[in-house]
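Listed below, chain by chain, are the residues.
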Amino acid sequence: MSTTPDKKRGAVAASRSAASAAQPTRSASSGASAQSIGFVHRATAWLAHNQLVAVETLLTLLARPASSLLTWLVVAIALTLPGALWMSLTNIEQLSGNFQQSGRITLYLQQEASVAAGQTLLQRIKGLEDVVDTEYISAEQALAQFSAASGLADALAMLAENPLPAVILVEPPLGLTAERLQQLLQQLTSFHIVDSAQLDMAWLERLRAIIALGERLIWVLGVMLALAILLVVGNTIRLSIAARVDEIRVIKLVGGTDAYVRRPFLYTGLWYGMVGGLLAWLMLIGCWLLLKQPVAELSALYGSAFELQPLSANAALVLLSGAMLLGWLGAWWSVSRHLHEIEP
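This is a predicted model, so every value here is computed, not measured.

Caption draft 1: Expanded view of the overall build of the protein. The helix and strand tally for the protein stands at 12 helices and 4 strands. Considering the protein as a whole, with its 344 residues, one finds that 32% of them fall into the buried category. A sequence separation of at least 24 residues applies to 83% of the contacts in the protein between residues at least 6 apart.

Set out below in structure tokens:
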């Protein structure tokens, strides 16, 4: 009778050994199995986390509008000053046509030169390389213009003959160097019916000096105010890091990397720059709207059709991109300085 339990125990042992043989063998030292993640899944997760962090940081800034608005206004004002200079320089370049007329070369023809000879010379000058435009003014037209401008029509009518010669106005390109202008002047004076030539270089030199000074001011102010934006955004991010020291330590304790901790602060700096750039653009639009009508009225008093132009779309895009880059760099600089000091 005692053999029955022994048979049962033997059958159970045999079934267990068969079940263990059917299962795959696993080394005792293998531990938990690791699963490999493909590049596509990693990129998708990285993009999803960046999108989440970008939205969360913007909502955080909007949740405290008072402090965020102060930083945005500081960035906007710092960007408005070089932007206003940029807009002014663009409008000065728009006036280059009027300045260019003052730098035209005036050719005085000989008294005995006929109108046909003057027209022939005009066509020949038009074919020169460094000539943008030409205009022929006959002796009769010159006398009529002088009479209307001087108010001496009665006195000039008493003259026996016209003392004014025919004139050809030659307009060189604005970017022409002084050396090439002198060469053009010598070439024009070499024509046989040209009595004398006059070149007014003063306005051209003044225009170049004004444009060069404006470009230099834009660069100097731009660099100084860019440093100011970096310091403002960096200090703001530093205060944000100081307020979240315990949270950063907990994240590092559970395995968070520096890139994971750094990402929200970088997006915060990016939002500071982006919104500040938009506010600067709106300020420039407001300045343009305020000055547009007075400038048009002043221009009309001088008989000019000049209109104040706003900042172009390309310039506005450069301004906004530069603001975002400065905000990001300011945040990166601040986080790189203080993040390594916070350890669990």
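Caption draft 2: Just the nonpolar core, in detail. Formed by 35 residues in total, the largest nonpolar core has its most connected members in Leu-79, Ile-229, Ile-237, Ile-241, Ile-248 and Phe-265. Listing elements by their share of this core, those giving two or more residues are α2 (39-63), α3 (65-94), α9 (202-243), α11 (258-301) and α12 (313-338). Counting residues per element, this core draws most heavily on α11, which supplies 9 residues. Not counting residues within four places of it along the chain, the set of residues in contact with Ile-241 comprises Ile-248, Phe-265, Ser-334, Val-335, His-338 and Ile-342. If you look at the next biggest cluster of nonpolar residues, it comprises 20 residues, including Ile-125, Val-170, Leu-184 and Leu-185.

Caption draft 3: Structural view of the packing of α2 against α11. Here α2 crosses α11 at 55 degrees, and the two axes come no closer than 9 Å. Classified by the interaxial angle, the pair formed by α2 and α11 is oblique. Crossing angle aside, the handedness with which α2 passes α11 is right-handed. Where α2 approaches α11, its residues Trp-46, His-49, Asn-50, Val-53, Ala-54, Thr-57, Leu-58 and Leu-61 are matched on the opposing element by Tyr-260, Arg-263, Pro-264, Tyr-267, Thr-268, Trp-271 and Tyr-272. Split by residue class, the contact of α2 with α11 holds 10 nonpolar, 4 polar and 1 charged.

Caption draft 4: Structural context of the sheet that holds strand β4 (residues 194-199). Strand order in the open sheet formed by 4 strands is β2-β3-β1-β4, and the pairing between neighbours is antiparallel. Each edge of the open sheet is held by one strand with a lone partner, namely β2 (133-137) and β4. Between one strand axis and the next, the sheet turns by 15 degrees as a mean value, whatever way the strands run. Bridge analysis of strand β1 (residues 105-109) against strand β3 (residues 167-171) gives 4 bridges, and the strand direction is antiparallel. Bridge pairing in β3 places Thr-106 opposite Leu-169.

Caption draft 5: Looking closely at the confidence of the model for the protein. Predicted confidence across the protein gives a mean pLDDT of 79, with 79% of residues reaching 70 or more. Ranking the elements of the protein by mean pLDDT puts helix α1 (residues 3-22) last with 44 and α12 first with 91.

Caption draft 6: Here's a closer look at the side chain of Thr-80. Note that Thr-80 resides in helix α3. A distance of 2.6 Å separates a polar side-chain atom of Thr-80 from the backbone oxygen of Ala-76. Residues contacting Thr-80, with those up to four places away along its chain left out, are Ala-280, Met-283 and Leu-284.

Caption draft 7: Broad picture of the side chain of Arg-263. You can see Arg-263 is positioned in helix α11. Notably, Arg-263 is buried but unbridged: the nearest opposite-charge side chain belongs to Glu-56, and the N-O separation is 10 Å. Beyond its immediate chain neighbours, meaning those up to four positions away, Arg-263 contacts Trp-46, His-49, Asn-50 and Val-53.

Caption draft 8: Quick look at the packing of aromatic side chains. Scanning the model with the defined rule gives 2 aromatic pairs in all. Residues Trp-72 and Tyr-272 carry aromatic rings whose centres are separated by 6.5 Å and whose planes lie at 65 degrees to one another, so their mutual orientation is edge-to-face. Note that Trp-72 is positioned in helix α3 and Tyr-272 in helix α11, a separation of 200 residues in sequence. A centroid spacing of 5.5 Å and a plane angle of 25 degrees characterise the contact between Trp-328 and Trp-332, whose relative ring orientation is stacked. Of this pair, Trp-328 and Trp-332 both sit in helix α12, 4 residues apart, roughly one helical turn. When its relative accessible area of 31% is taken as the criterion, Trp-328 is described as partly exposed. Accessibility expressed as a relative area gives 36% for Trp-332, which makes it partly exposed.

Caption draft 9: View of the environment of Leu-184. With respect to the element layout, Leu-184 can be found in helix α8 (residues 178-189). As for Leu-184 and Pro-172, which are separated by 12 residues in sequence, their C-alpha atoms are 8.7 Å apart.

Caption draft 10: The arrangement of the environment of Tyr-272 in detail. Relative accessible area serves as the criterion here: at 3%, Tyr-272 is assigned to the buried category. Along the backbone, Tyr-272 and Met-324 are 52 residues apart, and their C-alpha atoms lie at a distance of 7.5 Å. Once residues within four sequence positions are removed from consideration, Tyr-272 is found in contact with Leu-61, Arg-64, Ser-68, Thr-71, Trp-72, Val-75, Val-233, Thr-236 and Ile-237.

Rules used in this analysis
Residues numbered from 1 in each chain as written. Predicted model: local features only at pLDDT ≥ 70, side-chain atom pairs only at ≥ 80, totals over all residues. Heavy atoms only, no water. Helix = DSSP H or I, 4+ residues; strand = E, 2+ residues; numbered from the N terminus. Buried < 20%, exposed > 50% of the residue type's maximum accessible area, 1.4 Å probe, protein only. Contact = heavy atoms within 4.5 Å. Core = buried A, V, L, I, M, F, W, Y, C linked by side-chain atoms within 4.5 Å. Axes fitted to C-alpha atoms, helices over the stretch in contact; angles between N-to-C directions. Parallel < 35°, antiparallel > 145°, perpendicular 65-115°, else oblique. Left-handed = near helix turned anticlockwise from the far one by under 90°. Nonpolar A, V, L, I, M, F, W, Y, C, P; charged D, E, K, R; others polar. Pairing = 2+ DSSP bridges. pLDDT = per-residue confidence, 0-100. Polar contact = N/O pair within 3.5 Å; in protein donor to acceptor, adjacent residues only side chain to side chain. Lys, Arg positive; Asp, Glu negative; His and termini not counted. Salt bridge = Lys/Arg side-chain N within 4 Å of Asp/Glu carboxyl O. Phe/Tyr/Trp six-rings, centres within 6.5 Å; stacked < 30°, edge-to-face > 60°.

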